[in-house]
Amino acid sequence: MFLGNLASLRYFLPEFAVTATILLLVVLHVVTKSPRSTASGFLSLLGVGAAIFLAGVAPAGAGRSIFEGMVAHDGFAVFFKVLTALATLVVIFMSMDSRDLAGRSQAEYYIFLLSTLLGMFLLSSATDIVMLYLALELVSIPSYLLAGYLKGQERSTEAAMKYVVYGATASGVMIYGFSILFGLTGSTQVAEIGRSLAAGKATLPMLLASVMVAVGFGYKIAAVPFHMWSPDVYEGAPTPATAFFSVGPKAAGFAVLVRFYYTVFAAADPGTGLWRLTSAVDWPFLFAALSALTMTVGNLVAVKQSNVKRLLAYSSIAHAGYMLMGFVLLSSAGIEAILFYLVVYLFMNLGAFYVVVLVSNATRGEEISDFTGLGSRAPFAAVALSIFLFALTGIPPFSGFIGKVYLFAEVIHRGVYWLAVVAALNSVVSLYYYTRIVRAMFFEEPKDASAIPVPAVSGALLVLLVAPTLILGVYWEPVARIAADSVRMLAF
Amino acid sequence: MVNGILDYLWLVPALPLLGVVLNGAIALLVERPFLLKEAGLPLAGGHGAGHGSHDDAHGASSHGSAHGHHETPAYRKLVAFIAPGVVGAAFVVALLCVLSLASRPADGRTFVQILFPWIQAGSLLVPAALQLDPLSSVMALVVTGVGFLIHVYSVGYMSHERAFARYFVFLNLFMFAMLILVLANNYLLMFVGWEGVGLCSYLLIGFWYEKQSASDAGKKAFVANRIGDFGVLLAMFLVFWTFGSLTYTEVFAKVPLLRESGVLTTGLATVITLLLFLGATGKSAQIPLYVWLPDAMEGPTPVSALIHAATMVTAGVYMVARSSALFLLAPDTMMVVAVIGAVTAIFSATIGICQTDIKRVLAYSTVSQLGYMFLACGVGAFTAAIFHLMTHAFFKALLFLGSGSVIHALSGEQDMQKMGGLKKYVPVTFATMFVATLAIAGIPGLSGFFSKDEILWQAFSSSHGSPFLWGIAALAAGITAFYMFRLVFLTFFGKSRMDPEVEKHAHESPWTMTVPLMILAVLSVAGGWIGIPAVLGGSNLFEHWLAPVFHPVAAAGAAHGAEAAVHHPAALEIGLMALSVAIALCGIGLAYFLYRVRTGKPAEIAKQWPTLYDVVYHKYYIDEFYEWAVIRRIVTISIGLWEMFDALFIDGIVNGAADLVRAAGDRVRRLQGGVVGGYAFSLLAGAVLLVGYILYRSVVQ
Amino acid sequence: MIAPSAYLLLSAILFGIGVVGVVARKNILIILMSVELMLNGVNVAFVAAGSYLGDAAGGVFAFMVMTVAAAEAAVGLALLIALYRLKETVDITELKVLKW
């Protein structure tokens, strides 16, 4: 049952909030004399806060399909809207704090950021391939601009240029896949495509289409071998934007990946919490291989990095690999584990990047050597970063450990032992490069031993990011429950 | 159901945790930069260390301090307020909770507060839950009450310590862990607290870590405790395997059922309880793992009082008492517990005779008193064990704090041979310590008398007891009275043997230190009055309070009690009591004779039996024996293993793997050449490979 | 009447030329044009499929793709100008600061 356009409006309030904020920012940009005013930052905070409130306040219930079947309004979408908006909120704080961005026009930056957020909202709820494509591009195009926002800096511009070329190619491949699917089934509705494909047998075009679509989604979540853009872009982009890319669009990418593949190529077995493949395309096996490849490449290359931003870029590739483990299991518990991991990942990864922002504000650099002696130069930031890094490694009692436990438990439960072994080995490798930063911070002599001031507001935000990383390590039940509820509403 | 104040039980451990967070923030953000600046070092390398202050002497002294002239920074006042404040608040909450619990009928006095479902893995369901019942309420009150007093005392005692906030972070963290230990409703959560207190103990023993002996002592405590913890872990595993649960109430409820069905054999119960007891010997410093406790005196004195006398070391007793339902099924374990307890009691008491360091005397005394508690557990008198645990917490904390006050007055002197005649310098300390000494010696009317006598009587009369155990324990009581009065005489009476320089500065401690002493003195006197036995006309409230917890014990004891009434008339109990008091008085008399009347005599005796004196003075050479029999063997073996196995094989593998990873990482990253065309190519190549891969799989199948 | 397969072949060829252009050419302008070519290949496929199935959605999708392609090109060209001002080159192989 599709709701018509007018009837749908009341389920579209978070998107309206973001859109209204974007429009207000445009107006603000035009009328205000000083482009560097922080007003736009605060306005964006307000708008995103309102969006979180509007998204979170009304339960989606059993879910409904709105705008004539273009967009779904269900628990799964709401989960991702809150998640991505939360990430955006933190990134706005981070951006207001960043010295890189301080001398530049503010309103435009936030317009791009919020446009991306709008794209992520739509991406996590799109149920029609036209909408899906538009949403993906709405995420990508402002992202190119965010990456290149440090105009006049070679790295930033180079990163953006590479991003455009790579992103356009990847999305081109993806819609070529869409065109094949459309030709095969005669529908743009994801659910309808799934039903049509379930009837037929596996054919070469179908296979081609499934892989081509995987290219587009793989690019968004930075899965190997579609990850090449991400280290360069992450390194070149302003650090707050990097933090944003590593969490927001990645989460939205997982949302669309799960929704698309589980709707088109699989169907839920009622009551069992399991899914079965409806078409003969064995994509779980495909993605299992990608998962192993992604985490291995990410971790191996991270070992050799000396730039912390680039290291974290490879680390976030590895984390996409871990999360893909949950994707291939064809069980609700597997998806639940992804959702849970994304929440945990949101805090620990944004936290790590936030410390990078604070350090590079003072040292103007992001090399590991810039972090030496941080334990005495800014003890609180150093302890916080250590907590984030240990959480990313997956050491108890930090939240990352619980996230990994959920993923591993489900992988083992479903009998995919080889993948669990690969992931465990990878975790060991990751320990090596994460502790390298910790070692530099606490056991190496800095070139410059002067204290790095951490403003009170930054300290408070850091505490707000540390707290969930610690608390979710011992008390994760509510988040796990929310994740479980959000999965249950996926099928509609 | 409305539980009133009991719903706020979580505040009891949460408040000290709040203290940890607040003081931790202060320590990290304020104190550390401050100390670094003061030390004139930009870097943290040595924590600005090596600048005076790092032994007990200095910590306790206000003189000759290189930095005693600084203004008290504001943050120290804040810490001095927060740290005792949160513990005091926890005590108030605990007290209200216990009062609320007491207003319930006797069989309804178990309150469980589930905080959150903690671990759910397969059939292992462990909630993070607190349990307040008569047993844990006694423990919680002792821990928070005595803990509060010691926190207050520490404010004065540590006032010259540079790392003031860091000290209180550890102390508050200890309180949190200890409260988790006693309030947990299952073995796993208890074990978390168990490890937590061990960690804090380790951190606080080595608080002055620049001192080699302090960090060695920390290590020793760590190793001895790990051996014990291994036992607890195995026991927990067996408990889960047998009962399918780790929650106290569930485990103990299943005992009769599994006993009948034959799953829980006596052998199994013996293994589980012996393993638990192994853990208890580690934590509570019993033979053979007691060696760490005397060395633990390297820590600041309030720490010795709080952790190594009043609370943490009693955790083993608490655990045994908590698991009484299991221990009662294993008569062999009970015998082992009783014998180890009795032997430890007398063995360490004899060592106490010859020690000259005031804190070491008290340390061996603590080991000895803990032995009494285990003796009580071993003869099935769990109530008596907990009773003695409580009274011991009062008078032993007082003795330690008093000795700290003495040390404080003497600018750090701990050797009793360099004291004497201190009565007039530190009158409050003397008076309160004298009360505590009377209590520990078992003088009638004071708390120690009632609890110790309860144990002695049970050791004699219980079905697990025997006159032989009574004899050992009574003799140990006499020795205790002797060495404690020796301590008092050497310290406070007679002529001064002090360094004149030290004597000039001898002074009474500030009120933050003396007020806790006075309160503890009152408790040392009156604390025993809630457990006056029936034979002396009391109603033994304490036993009635704990009866629901040791219900199976009480039931067994009731039958046994009737039997006892037949065989042991009240006259016998009174008689034995009088006898033990007489023995104690003999000990005191002997001490008076040797250290007040014929002060040259002890040296003569030592000369007369040089070998005996030497052996006792050197603590029976147990440390040396361990060094020779265990540590040296292990070192030899491990060096051999290291040379053969580790250096060649493991190192090869580990280093090889690390090199491999690095090399692989280097190769893989070269793929990222920087040119977008290459990136796009890899995208397409990847897509083509994936299609090929799927096709290949579909063909193969 | 031309067979639908002919349109699909055309679309595949266009797409292929575009892909080869992206991978092989050095001039960023040409690369951006090649991306357009890829997208046009997709458009042909959509329109052909739509007309064959009698479904207007194919045509609609093609219009959407055109719009997005225009936006993408605008951003790409803007960045290219910024890049040219900085490095005075439009050779993509010169963009090698970020690597490994």
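Keep in mind it's a predicted model, so treat the numbers as computed, not measured. (Residues numbered from 1 in each chain as written. Chains lettered and ligands numbered in written order. Predicted model: local features only at pLDDT ≥ 70, side-chain atom pairs only at ≥ 80, totals over all residues.)

K.L.:
Residue-level account of the interface of chain A and chain B, with values.
P.N.:
Every contact between the two is made by 38 residues of chain A and, on the other side, 31 residues of chain B. Elements that contribute at least two residues to the side of chain A that touches chain B include exactly α8 (154-185), α10 (204-221), α11 (229-236), α13 (283-303), α16 (374-377) and α17 (379-393) of chain A. The class makeup of the residues in the side of chain A that touches chain B is 29 nonpolar, four polar and five charged. (Contact = placed C-beta atoms within 7 Å. Helix = DSSP H or I, 4+ residues; strand = E, 2+ residues; numbered from the N terminus. Nonpolar A, V, L, I, M, F, W, Y, C, P; charged D, E, K, R; others polar.)

K.L.:
Help me get a handle on the environment of C:F46, residues and values and all.
P.N.:
For C:F46, the location among the structural elements is in helix α2 (residues 28-53). In the structure, C:F46 is positioned 38 residues away from C:L8 in sequence and 9.1 Å away in space, judged by C-alpha atoms. Among all residues touching C:F46, those that are not within four sequence positions of it are A:S179, A:F182, C:G58, C:F61 and C:A62.

K.L.:
Break down the interface of chain C and chain A for me, citing the residues and quoting the values.
P.N.:
Each partner contributes residues to the interface: chain C has 33 residues there, and chain A has 33 residues. Residue assignment for the side of chain C that touches chain A shows that the elements contributing at least two residues are α1 (4-24), α2 and α3 (57-87) of chain C. For the side of chain C that touches chain A, the class distribution of residues is 28 nonpolar, two polar and three charged.

K.L.:
Describe helix α19 (residues 467-492) of chain B, listing the residues and the values that go with them.
P.N.:
All names here are of chain B. Helix length check: α19 (26 residues) gives 37 Å between terminal C-alpha atoms against 38 Å at 1.5 Å per residue, within 8%. Of all 26 residues in α19, 21 are buried, a share of seventy percent or more. G494 occupies a position one or two residues after α19 and carries a positive phi of about 75°. (Expected span 1.5 Å × (residues − 1). Buried ≥ 20, exposed ≤ 12 C-beta atoms within 10 Å, placed from the backbone.)

K.L.:
Account for the nonpolar core, with residues named and values stated.
P.N.:
The biggest cluster of nonpolar side chains holds 249 residues, and the ones touching the most others in it are A:V215, A:Y341 and A:Y354. The dominant element in this core, judged by the number of residues it contributes, is helix α15 (residues 332-363) of chain A, at 22 residues. Excluding its chain neighbours within four sequence positions, the residues that come into contact with A:V215 are A:A170, A:V173, A:M174, A:F226, B:L683 and B:A687. Among the nonpolar cores identified, the runner-up in size contains 223 residues, and B:A94, B:V146, B:V320 and B:L329 belong to it. (Core = buried A, V, L, I, M, F, W, Y, C linked by C-beta atoms within 7 Å.)

K.L.:
So, the packing of helix α7 (residues 129-147) of chain A against α3(C): which residues are in play, and what are the values?
P.N.:
The contact between α7(A) and α3(C) brings their axes to 11 Å, and the two run at 5°. It follows from the interaxial angle that α7(A) and α3(C) lie roughly parallel. For the pair formed by α7(A) and α3(C), the contact residues are A:V130, A:Y133, A:L134, A:E137, A:I141, A:Y144 and A:L145 on the first element and C:V60, C:F61, C:M64, C:V68, C:A71, C:E72, C:V75 and C:L79 on the second. (Axes fitted to C-alpha atoms, helices over the stretch in contact; angles between N-to-C directions. Parallel < 35°, antiparallel > 145°, perpendicular 65-115°, else oblique.)

By themselves, these observations are geometric and do not establish any function.
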